[in-house]
Amino acid sequence: MALHKLSPLRSTNYPAVPKYLSRRTKTLKVKMEIREKPRVLCLHGYRTSGQILQKQIERWPEAVLGKLDLVFLDGPCPARGKSDVEGFYDPPYFEWYYCNEDFTEYYNFEECLAYLEDYMIKHGPFDGLLGFSQGAILSAVLPGMQMEGVALTKVPLIKFLIIVSGTKFGGYKFGLPKLAANAFASPVKLPSLHFIGERDFLKEQGIALLESFEDPTVIYHNRGHTVPRLDEKGLETMLGFIEKIEKMQLQEKNREELCLD
């Protein structure tokens with residue numbers, strides 16, 4: 001069952017707008033004061049679940065969580081094997097797609113894309129994606145596929161990514177689904193935040209993934225393949241990234257309002 005963690009608009013009191021101001025100016029002033037939190041679809045790791053990722057993300061401080069509207073979703077495929085989190089987190093466990101033992105062949109990948117798009121149509125719109133591990137691999141490839149017109153064609157463009165312990169299809173260890181063949185043909189231009197762990201077995205692949213993004217923001221930590229807590233420097237970096245997204249959203253809304261006036 002999908003988990004929703006939806007929040008109302010964050011608003012503040014603002015002074016009365018003089019009567020002589022145009023309706024457009026009034027509307028833009030209200031837009032400046034009432035901001036919608038960036039809405040993020042969160043994709044969990046290999047053989048875990050949306051609920052598990054939610055518990056992992058809750059390690060982050062309220063200074064971060066309070067600025068994001070996070071929605072947690074279970075993968076469409078029941079886990080076909082032992083989960084590394086057994087004994088730490090309760091089942092059920094899920095996968096986003098199936099693959100062979102050496103991660104070179106993929107199954108149910110198209111079904112996974114259809115499942116995500118259907119969910120985003122029914123419960124969106126979403127501004128960005130947050131992915132951990134298998135969910136990060138999937139998140140990283142989706143913007144390029146969307147721009148190419150082979151995935152998520154019925155929903156708004158993904159605007160930003162948060163990648164935790166990620167790598168890319170077609171990299172050192174992982175094969176490449178046919179539909180994703182051209183996803184990294186050119187650098188991904190949307191804002192991206194990458195968490196890279198010093199003891200993560202995907203560290204080198206995570207660093208290599210940075211080359212596929214035009215201007216990535218990176219948080220390095222001393223942990224392994226996990227969703228890390230945020231130290232002072234990491235918190236500062238993440239808040240800066242969120243502020244960048246908020247400004248981008250506000251500029252977009254203002255442009256839309258100008259076009260509608």
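Looking at an unreviewed UniProt entry, one finds the protein named Esterase, with Actinidia chinensis var. chinensis as its source organism.

Engineer: Got a minute to help me understand empty space enclosed by the protein in this structure?
Structural biologist: Space left empty within the atom packing is revealed by a probe, the size of a water molecule, rolled over the atoms. Scanning the entire structure with this criterion turns up three cavities of 30 Å³ or more. Each pocket or cavity is described by its volume, and for the second largest cavity that value is around 50 Å³. Taken together, the elements giving at least two residues each to the lining of the second largest cavity come down to β10 (192-197) and α6 (203-209).

Engineer: Whenever I open this one, the nonpolar core confuses me. Can you help?
Structural biologist: As a rule of thumb, soluble globular proteins bury nonpolar side chains together. Ranked by internal contacts, the top residues of the largest apolar core, which has 39 residues, are Leu41, Leu116, Leu138, Val141 and Leu142. Contributing elements (two or more residues each) for this core: β2 (39-43), β3 (69-73), α4 (109-123), α5 (134-148) and β9 (160-164). Among the elements that make up this core, the one with the highest residue count is α5 (seven residues). Apart from residues lying up to four places away in sequence, Leu41 is in contact with Val71, Leu73, Leu116, Tyr119, Met120, Phe126, Gly128, Leu129 and Leu130. Phe72, Phe132, Phe195 and Phe241 belong to the second largest nonpolar core, which has 24 residues in total.

Engineer: How should I be thinking about the environment of Gly131 in this particular structure?
Structural biologist: With respect to the helices and strands, the residue Gly131 is situated in strand β8 (residues 128-132). Exposure remark for Gly131: the relative accessible area of 0% places this residue in the buried category. Excluding residues within four positions of it along the chain, Gly131 makes contact with Leu43, Ala136, Ser139, Ile162, Ile163 and Val164.

Engineer: How do you make sense of the pattern of salt bridges when you look at a structure like this?
Structural biologist: For side chains bearing opposite charge, pairing can occur when the charged atoms are close. For the coordinates displayed, the defined rule picks out nine salt bridges. Notably, a salt bridge pairs Glu86 with Lys82, separated by 3.1 Å at the nearest N-O pair. Accessibility expressed as a relative area gives 59% for Lys82, which makes it exposed. Salt bridges sharing partners connect three or more residues here, namely Asp127, Lys159 and Glu252.

Engineer: Would you mind showing me how to read α4 here?
Structural biologist: Helical geometry note: an α-helix holds 3.6 residues per turn, so side chains three or four residues apart project in the same direction. Taking 1.5 Å as the rise per residue, α4 with 15 residues should run 21 Å; its terminal C-alpha atoms sit 21 Å apart, in good agreement. Along α4, the residues that are buried comprise Phe109, Cys112, Leu113, Leu116, Glu117, Tyr119 and Met120. One face of α4 carries all of its buried residues, which in axial projection span an arc of 160 degrees. Of the residues in α4, the exposed ones pointing more than 90 degrees away from the buried face are Glu110 and Lys122.

Criteria and thresholds
- Residues numbered from 1 in each chain as written.
- Predicted model: local features only at pLDDT ≥ 70, side-chain atom pairs only at ≥ 80, totals over all residues.
- Heavy atoms only, no water.
- 1 Å grid on protein atoms, 1.4 Å probe; cavity = no way out; pocket = protein on both sides within 12 Å on 5 of 7 lines; lining within 4 Å.
- Points joined across faces, edges and corners; volume = space filled by probe spheres on them.
- Helix = DSSP H or I, 4+ residues; strand = E, 2+ residues; numbered from the N terminus.
- Core = buried A, V, L, I, M, F, W, Y, C linked by side-chain atoms within 4.5 Å.
- Buried < 20%, exposed > 50% of the residue type's maximum accessible area, 1.4 Å probe, protein only.
- Contact = heavy atoms within 4.5 Å.
- Salt bridge = Lys/Arg side-chain N within 4 Å of Asp/Glu carboxyl O.
- Expected span 1.5 Å × (residues − 1).
- Arc of directions from axis to C-beta.

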